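Below, each chain spelled out in residue letters.
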Amino acid sequence: MQNFNDFKISKHNKGVTFSVKVIPNSSASQITEITEDYLKAKLNSPPIENKANKEVINLLAKSLDIPKSSITLIYGDKNKLKTFLVPIKEEELRIKVRKIFE
């Protein structure tokens, strides 16, 4: 059983930040795992021409049920480990992440 309370979420003056480790060139796009430090997302897109970044934002928007326009990539534009900012409260994000794995 996952311990969603250990998932690292940091407070920010515009909401909360969290990390996502992306695995590009996968057979399907989905969030597959949660660790203390990040969500793991497999992406169908290759890591070229910003395709993987766009796809992970679309996947997060769909999975967390928030508008993609409200998700900001703040670190890791060219890295597998990316940090995102979303304008919601920590507990709300924990609830949304928990629902992904139900």
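Our structure is the block above this text.
Remember, it's a predicted structure, so these values are computed and weren't measured experimentally. (Residues numbered from 1 in each chain as written. Predicted model: local features only at pLDDT ≥ 70, side-chain atom pairs only at ≥ 80, totals over all residues. Heavy atoms only, no water.)

(A) Just the overall build of the protein, in detail. Secondary structure assignment for the protein yields two helices and six strands. Listing each helix as α and each strand as β along the protein from the N terminus yields β-β-β-β-α-β-β-α. Projected onto its principal axes, the C-alpha coordinates of the protein cover approximately 35 × 30 × 20 Å. Within the protein, buried positions represent 40% of all 102 residues. Within the protein, contacts between residues separated by at least 24 positions form 50% of all contacts whose residues are at least 6 apart in sequence. Carbon and sulfur atoms make up 47% of the accessible area of the protein, which totals about 6,200 Å². Here the protein carries 18 positive and 12 negative side-chain charges, and the mean point of each set is 5 Å from the other. (Helix = DSSP H or I, 4+ residues; strand = E, 2+ residues; numbered from the N terminus. Buried < 20%, exposed > 50% of the residue type's maximum accessible area, 1.4 Å probe, protein only. Contact = heavy atoms within 4.5 Å. Areas by Shrake-Rupley, 256 points an atom, 1.4 Å probe, with all protein chains shown as cover. Lys, Arg positive; Asp, Glu negative; His and termini not counted. Charge placed at Lys NZ, Arg CZ, Asp CG, Glu CD.)

(B) A look at the side chain of Asn 53. Looking at the element boundaries, Asn 53 is found in helix H1 (residues 51-64). The class for Asn 53 is buried, based on a relative accessible area of 5%. For Asn 53, the residues in contact, after removing those within four places along its chain, are Leu 73, Asp 77 and Lys 82.

(C) Looking closely at the side chain of Ser 19. Tracing the backbone shows Ser 19 in strand E2 (residues 15-23). Ser 19 sits in the buried class, given a relative accessible area of 16%. A distance of 3.4 Å separates the side chain of Ser 19 from the side chain of Thr 83, its partner in a polar contact. Among all residues touching Ser 19, those that are not within four sequence positions of it are Phe 7, Asp 37, Tyr 38, Leu 39, Leu 81, Lys 82 and Thr 83. (Polar contact = N/O pair within 3.5 Å; in protein donor to acceptor, adjacent residues only side chain to side chain.)

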